[in-house]
Amino acid sequence: MSEILTIAQMYEADKQTIANGLPGEVLMENAGHAVVDAILARFQPCSVSVLCGPGNNGGDGFVVARLLRARGWNVRLGLMGEVAGLGGDAALNARKWTGATERLSAALIVGAELVVDCIFGAGLARDIEGDIADIVHAVNDSSAKVVAVDMPSGVDGMSGQVRGVAIDADVTVTFCRAKPGHYLLPGRALCGERVVADIGIPDAIVAALKPDIYLNTPRLWADHIVWPGLAGHKYHRGHVLALGGAQTTGAMRLAARAARRAGAGLLTVLADPAALPLYAQDMPGVMVAPIARFEDMMQDCRHNGVIIGPGAGIGDDTRRRVVHALHCARACVLDADALTSFAEDPSTLFFAVQGPTVMTPHEGEFSRLFADMDGDKVTRARAAARRSGAIIVLKGADTVVAAPDGRVAINDIFAPWLATAGSGDVLAGIIIGLLVQGMPAFEATSMAVWLHGQAGHKFGPGLIAEDIPEALPALLSDLWRAGVAPDSSPH
Ligand SMILES: NC(=O)C1=CN([C@@H]2O[C@H](COP(=O)(O)OP(=O)(O)OC[C@H]3O[C@@H](n4cnc5c(N)ncnc54)[C@H](O)[C@@H]3O)[C@@H](O)[C@H]2O)[C@@H](O)CC1
Ligand SMILES: [K+]
């Protein structure tokens, strides 16, 4: 499982490992070795400047400088503050450094082919300002390659936000497990290539901390996929009721196609009678029914999932239908207009949530429903899930899925092609398609977000929303084949 540790958990893991008998000095030595290994694997011997801050991140820098120098590399080292100001393992490693300790300044960057950034790591506590900000700018303006230790200095390890200014690294080597800031934007982009190195912290110590933030990979949910059995019947694969718009029909047509490609056994579009021929002609495999029959049809428990929002229109009708669907405690996916319809009265929406419910807001929709929430993306999505009782998908290039029980999955994929009309409708459709087959809500939603991202990444430039459902069969086939030998699951 790809756990992500909070900064507090990382400090706790360090502390417990040291209490278990592995000295901090060894952890720091291991950290320095891991960084040097990453450097040796990527760069030829060259002129290196190691920039050290006043804490243990700087301590790692003294180890890196010593090890590279021992290999004959031309190393300069600059320290923020005085050697006498260093404490603990950083002070110890400063004493082991036999080269010159220069003052940290932009002069160190001149002529450097490689910069090792050890100014601040997990201990970044405030915005970077003044002379240090000037040095960060000088690094970013130079042509030197940059390896950041733990975090690019200036990137907040929890939020991925830039505190004042931040180093733009080519490679970031972190220890034990990644932190949220390695995956949340803009931190993710500033890290460059990410390397997670083992420095001797036992897995058992990490597990005992019960991490509940994960990288969204198949390992998180592959065991929960509901594949049809040999004697599978379409009625075993769920029946989606998709509440389509009267005028805007494209959104639900996209969602419906995605739900079916994701494996839903049956799907009925309910819409204004005038619009039904459009839905029926477009998709011979769907059933259609007048929207007036919605409440009747919900009495049949075989209709085990509802999707409302894409093209629904904002107003009373949508609000009433959403509340009815939620009261029936079926799997519900609420997107777009189904969310915005409650902007004036979100508590009515949250109060109605009973069954497995997924809300898929983008930032704008999120702030309409959860206007008082601030903080980083993980914190906000998690708080929104707790308040609403629903799985929250906070969309973006670093989509976060949060469950009311506190679990969080962060998606990590390069798929800017997904920023296109209809893409969100497709995502909502994939989610309901997986939910009606009986997959648990957090896992189904995380899988849907992953599939959507992979589809966008693999298709690349030229993608339109219609392409995403068509990419699902190949992705699902890969997962299905990998499921035969779970250890080979793609991630
Ligand atoms: N045993 C451990 O705890 C280990 C820690 N390691 C390293 O230790 C790092 C964490 O060390 P620390 O907790 O000392 O934290 P840092 O070294 O990241 O920074 C802490 C220092 O920076 C100062 N500071 C923070 N933000 C500032 C700002 N904006 N402007 C000016 N000064 C600022 C603080 O006052 C403090 O002196 C990790 O990132 C990792 O690189 C590794 O050596 C592995 C083992
Ligand atoms: K750093």
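Treat the numbers as computed from the prediction; the structure is a model and nothing was measured.

Criteria and thresholds
Residues numbered from 1 in each chain as written. Chains lettered and ligands numbered in written order. Predicted model: local features only at pLDDT ≥ 70, side-chain atom pairs only at ≥ 80, totals over all residues. UniProt positions renumbered as here; feature names shortened; annotations may be inferred. Helix = DSSP H or I, 4+ residues; strand = E, 2+ residues; numbered from the N terminus. Domains from an automatic or database assignment. Contact = placed C-beta atoms within 7 Å. Pairing = 2+ DSSP bridges. Expected span 1.5 Å × (residues − 1). Buried ≥ 20, exposed ≤ 12 C-beta atoms within 10 Å, placed from the backbone. Near = placed C-beta within 6 Å. Nonpolar A, V, L, I, M, F, W, Y, C, P; charged D, E, K, R; others polar. Axes fitted to C-alpha atoms, helices over the stretch in contact; angles between N-to-C directions. pLDDT = per-residue confidence, 0-100.

1. Focus: the UniProt feature "domain: YjeF N-terminal" (unreviewed entry) in the protein chain
Part 1 of the argument: Here, the residues flagged by UniProt with the feature "domain: YjeF N-terminal" (unreviewed entry) are residues 10-207.
Part 2 of the argument: Secondary structure across residues 10-207 comprises 38% helix and 18% strand; the distance between its end C-alpha atoms is 12 Å.

2. As for unusual backbone geometry
Part 1 of the argument: For the bond from Leu185 to Pro186, the omega torsion is 0 degrees, close enough to zero to count as cis.
Part 2 of the argument: Considering the arrangement of structural elements, one finds Pro186 in the loop between β7 (171-175) and α6 (187-191).
Part 3 of the argument: Phi at Ala336 is positive, roughly 45 degrees, even though this residue is not glycine.
Part 4 of the argument: Mapped onto the elements, Ala336 comes out in helix α13 (residues 336-340).

3. Details of the domain arrangement of the protein chain
Part 1 of the argument: Partitioning the protein chain into domains gives domain 1 (3-211) and domain 2 (218-488).
Part 2 of the argument: Spacing between the C-alpha centres of domain 1 and domain 2 amounts to 41 Å.
Part 3 of the argument: With nine residues of domain 1 at the interface, the matching set in domain 2 holds seven residues.

4. Here we look at the sheet that holds strand β9 (residues 213-215)
Part 1 of the argument: Pairing is mixed in the open sheet, where 11 strands are placed in the order β1-β9-β18-β17-β16-β15-β14-β13-β10-β11-β12. Looking at the sheet topology across the chains shown, the edges are occupied by β1 (3-4) and β12 (287-290).
Part 2 of the argument: Where strand β10 (residues 239-243) lies against strand β11 (residues 266-271), five bridges are found, and the strand directions are parallel. Among the inter-strand pairings, Leu243 is bridged to a residue of β11, identified as Leu270.

5. Considerations on helix α9 (residues 250-261)
Part 1 of the argument: Spanning 12 residues, α9 covers 17 Å between terminal C-alpha atoms, matching the ideal 16 Å at 1.5 Å per step.
Part 2 of the argument: The element α9 is extensively covered by neighbouring structure, given that 11 of its 12 residues are classed as buried.
Part 3 of the argument: Following α9 by one or two positions, Gly263 has its phi on the positive side, about 120 degrees.

6. Structural notes on the site of ligand 1
Part 1 of the argument: In the vicinity of ligand 1 there are 27 residues, among which Gly55, Asn56, Asn57, Gly121 and Gly123 approach most closely.
Part 2 of the argument: For the shell around ligand 1, the elements supplying multiple residues, two or more each, are α2 (24-42) and α3 (56-70).
Part 3 of the argument: Considering every element that reaches the shell around ligand 1, the biggest residue donor is α3, with five residues.
Part 4 of the argument: Its residues assigned to classes, the shell around ligand 1 comprises 13 nonpolar, nine polar and five charged.

7. Here we look at the sheet that holds strand β3 (residues 74-79)
Part 1 of the argument: Reading across the sheet, the seven strands line up as β4-β3-β2-β5-β6-β7-β8 and stay open at both edges, with parallel pairing between neighbours. Edge positions in the open sheet fall to β4 (101-103) and β8 (193-197), since each of these has one partner strand only. Ignoring which end each strand starts from, the neighbouring axes of this sheet average 25 degrees apart.
Part 2 of the argument: In the sheet, β7 pairs with β8 via five bridges, with the strands oriented parallel. Bridge pairing links Phe175 to Ala197 in β8.
Part 3 of the argument: Docked against the sheet, α2 engages β6 (145-149), β7 and β8, running at close to 150 degrees with respect to β7.

8. Considering the confidence of the model for the protein chain
Part 1 of the argument: Averaged over every residue, the pLDDT of the protein chain is 95; the share at 70 or more is 98%.
Part 2 of the argument: In this model residues 485-491 is a low-confidence stretch, pLDDT under 50, and it forms 13 contacts with partners more than four residues away in sequence or in other chains.
Part 3 of the argument: Predicted as a complex, the structure gets a pTM of 0.95 and an ipTM equal to 0.98.

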